[in-house]
Amino acid sequence: MAAARRVQLFYDVVSPYSWLAFEALCRYQHIWNVDLHLRPAVLGGIMKETGNQAPAMLPKRGEYMMKDIKRMAKYYQVPLQIPKDFFESMVKKGSLSAMRFLTAVDMIQPQFLEPMSRELWMRIWSRDEDITQPDSILDAARKAGLSSELAQQLLEMILSPEVKNRLKEAFGMPTVVIHLNGEPQLFFGSDRLELLSSVLGEKWLGPVPASPNPKL
């Protein structure tokens, strides 16, 4: 069997489109024989650096985004629900602490990165629960299978320079980078996965292929 191609997904759990790309790539990683690397990043930092505003801040784009998220969630078969206070959840509160926690997970116990990321998305985008407070993050960690001792250790790491510095890299959310013949190729958005499959020389079998991720 040929060696797996490296695929990186840069994401933030405050981004619903990142969740869609995350689940699709988790479903396809073995079908396409790719080595999927999950890369937590922070959307707020990217917006600040580029001078952009989140779509939810712009009335017309925000209205379109609400409708589009619902359509995309149905298509990808992801249990995504719009929070009651969308602005409060996505823009005002943000996800900095949660993303730093995920970065610490990636550094120390990367095998928990997938379930921990999914649980944070479930909290904010399916159950309309908080992801900003320490107790909320620890509860998510428990549900994702982390021991209380490990979760506390990781929580204590979120203010460390190592975690802060690692969280800065990304183009937008979600961003997928594939590495073919030593050359990186970048794809932005959850609607570029069919094109990505073509570049990989693989087939797009729909949002839920024959062997979907049993965890969702």
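- The name given to the protein chain in an unreviewed UniProt entry is Glutathione S-transferase kappa, with Alligator sinensis as the source organism.
- Here is the UniProt Catalytic activity (unreviewed entry) comment for the protein chain, exactly as written: "RX + glutathione = an S-substituted glutathione + a halide anion + H(+)".
- Word for word, the UniProt comment on the protein chain under Sequence similarities (unreviewed entry) is "Belongs to the GST superfamily. Kappa family."

### So, the pattern of salt bridges
And step 1. Taken as a whole and judged by the stated rule, the model has 12 salt bridges.
And step 2. One salt bridge in this structure joins Glu 119 and Arg 127, with 2.4 Å as the shortest N-O distance.
And step 3. You can call Glu 119 buried: its relative accessible area is 12%.
And step 4. Overall, the relative accessible area of 30% leaves Arg 127 in the partly exposed class.
And step 5. In this structure, the salt-bridge partner of Glu 129 is Arg 127, at a minimum N-O distance of 3.3 Å.
And step 6. The class of Glu 129 is partly exposed, set by a relative accessible area of 29%.
And step 7. One continuous salt-bridge network, built from bridges that share partners, spans Glu 119, Arg 123, Arg 127, Glu 129, Asp 139, Arg 142 and Lys 143.

### Observations regarding the nonpolar core
And step 1. By size, the foremost hydrophobic cluster in this structure holds 66 residues, and its most contacted members are Leu 9, Tyr 11, Val 13, Phe 101, Met 116, Leu 146 and Val 176.
And step 2. Element by element, the count of residues in this core is highest for helix α1 (residues 16-28), at nine residues.

### As for the packing of aromatic side chains
And step 1. As enumerated under the stated definition, the model contains eight aromatic pairs in all.
And step 2. Ring geometry for Tyr 28 against Trp 204: centres 5.0 Å apart, planes inclined by 15 degrees, an arrangement best described as stacked. In this pair, Tyr 28 sits in helix α1 while Trp 204 sits in the segment after α10 (193-200), placing the two residues 176 residues apart along the sequence.
And step 3. Take Tyr 28: its relative accessible area is 1%, and that puts it in the buried class.
And step 4. Trp 204 sits in the buried class, given a relative accessible area of 18%.
And step 5. Of the aromatic side chains, those joined through ring pairs into one cluster are Tyr 11, Trp 19, Phe 22 and Trp 121.

### Some thoughts on the UniProt feature "active site" (unreviewed entry) in the protein chain
And step 1. Per the UniProt annotation, the sites labelled "active site" (unreviewed entry) are Ser 15.
And step 2. Only 3.0 Å separates the side chain of Ser 15 from the side chain of Ser 18, close enough to count as a polar contact.

### As for α1
And step 1. For α1, built from 13 residues, the straight-helix expectation of 18 Å at 1.5 Å per residue is met to within 8% by its first-to-last C-alpha distance of 19 Å.
And step 2. Of all 13 residues in α1, 13 are buried, a share of seventy percent or more.

What counts and how
Residues numbered from 1 in each chain as written. Predicted model: local features only at pLDDT ≥ 70, side-chain atom pairs only at ≥ 80, totals over all residues. Heavy atoms only, no water. UniProt positions renumbered as here; feature names shortened; annotations may be inferred. Salt bridge = Lys/Arg side-chain N within 4 Å of Asp/Glu carboxyl O. Buried < 20%, exposed > 50% of the residue type's maximum accessible area, 1.4 Å probe, protein only. Core = buried A, V, L, I, M, F, W, Y, C linked by side-chain atoms within 4.5 Å. Helix = DSSP H or I, 4+ residues; strand = E, 2+ residues; numbered from the N terminus. Phe/Tyr/Trp six-rings, centres within 6.5 Å; stacked < 30°, edge-to-face > 60°. Polar contact = N/O pair within 3.5 Å; in protein donor to acceptor, adjacent residues only side chain to side chain. Expected span 1.5 Å × (residues − 1).

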